[in-house]
Amino acid sequence: GKSYKHAANYNESAYNLSRRSHVPLGECERALRNIDAANPKIKNTFHRTVREVLERTRILETPFQRKRMFFGNMNDKTYKEGYAHIPQSTIPDHLRFNLFFPLEEKFSHDTNFLVEWHDSLLAEMPIKKEEEYIEAAHEFSKTPISIFHY
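A. Molecular detail of the packing of helix α1 (residues 2-9) against helix α3 (residues 25-38). At a closest axis distance of 10 Å, the pairing of α1 and α3 adopts a crossing angle of 65 degrees. The crossing of α1 and α3 is right-handed. Between α1 and α3, the contacting residues are Tyr-4, Lys-5, Ala-7 and Ala-8 on the first element and Glu-27, Cys-28, Ala-31, Leu-32 and Ile-35 on the second. Class assignment for the residues of the contact of α1 with α3 results in seven nonpolar, no polar and two charged.

B. Layout of the environment of Asp-110. Residue placement: Asp-110 occurs in the loop between α5 (76-107) and β3 (112-117). On the basis of relative accessibility, which here comes to 24%, the residue Asp-110 falls in the partly exposed class. Between the alpha carbons of Asp-110 and Met-125 there is a distance of 6.3 Å; along the sequence they are 15 residues apart.

C. Inspection of the side chain of Thr-78 at higher detail. When you line up the elements, Thr-78 lands in helix α5. A relative accessible area of 8% places Thr-78 in the buried class. Sequence-distant contacts of Thr-78, defined by excluding residues within four places in its chain, comprise Leu-54, Phe-70, Gly-72 and Asn-73.

D. The arrangement of the nonpolar core in detail. Counting eleven residues, the largest nonpolar core consists of Tyr-4, Ala-7, Ala-8, Ala-14, Leu-17, Val-23, Cys-28, Ala-31, Leu-32, Ile-35 and Ile-42. Of all elements in the fold, only α1, α2 (14-21) and α3 reach the threshold of two or more residues within this core. Broken down by element, the residue count for this core peaks at four residues, all from α3. Setting aside chain neighbours within four positions, we find Ala-14 in contact with Leu-25, Cys-28, Glu-29 and Leu-32. Within the second largest apolar cluster, ten residues are counted, among which are Val-53, Tyr-79, Tyr-83 and Ile-86.

E. Representation of the pattern of salt bridges within the structure. For the structure on display, the rule yields ten salt bridges. Close ionic contact of Lys-77 with Glu-81 constitutes a salt bridge, the shortest N to O distance being 3.1 Å. You can see Lys-77 and its partner Glu-81 sitting in helix α5, four residues apart, about one turn around the helix. On the accessibility criterion, Glu-81 (28% relative accessible area) is partly exposed. For Lys-142, the salt bridge is made with Glu-139, and the minimal N-O distance between the two is 3.2 Å. Relative accessible area serves as the criterion here: at 49%, Lys-142 is assigned to the partly exposed category. Residue classification places Glu-139 among the partly exposed residues on the basis of a relative accessible area of 48%. Three or more residues joined by partner-sharing salt bridges are found here, namely Arg-66, Asp-93, Arg-96 and Glu-116.

Conventions and cut-offs
- Residues numbered from 1 in each chain as written.
- Predicted model: local features only at pLDDT ≥ 70, side-chain atom pairs only at ≥ 80, totals over all residues.
- Heavy atoms only, no water.
- Axes fitted to C-alpha atoms, helices over the stretch in contact; angles between N-to-C directions.
- Helix = DSSP H or I, 4+ residues; strand = E, 2+ residues; numbered from the N terminus.
- Left-handed = near helix turned anticlockwise from the far one by under 90°.
- Contact = heavy atoms within 4.5 Å.
- Nonpolar A, V, L, I, M, F, W, Y, C, P; charged D, E, K, R; others polar.
- Buried < 20%, exposed > 50% of the residue type's maximum accessible area, 1.4 Å probe, protein only.
- Core = buried A, V, L, I, M, F, W, Y, C linked by side-chain atoms within 4.5 Å.
- Salt bridge = Lys/Arg side-chain N within 4 Å of Asp/Glu carboxyl O.

The analysis is restricted to geometry; functional conclusions fall outside its scope.
So, in structure tokens, the structure goes:
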């Protein structure tokens, strides 16, 4: 599930995942092994590149040019902060720039956007516009994101 995927993306240990999720350690170990086997680029590309960039520059830049400088020692804690920084910053920016702003431009005449929060939007619109809005949101959300452009 979602907790396992986040744990793999952020290089969380099976032990910590088990404690946090109240799932038996053996099940967490199996789930993380399966995710690693099915998605080798998480560790072999994403984690490796984050570590290399942090060691070389101490700065990570997201696809939307949000930069963060890391001042601490280069250790597992810092690397894990780096693994989390890119998706945690990219998702809300993707939502704003590739979904919210285009939807607002297209539907501003009869839609009220009430809340934008990290990975969700809440809008008030005429019922007859619901399908058109969903279609447009689906199309806008397909905008590709390139993670590393170093």
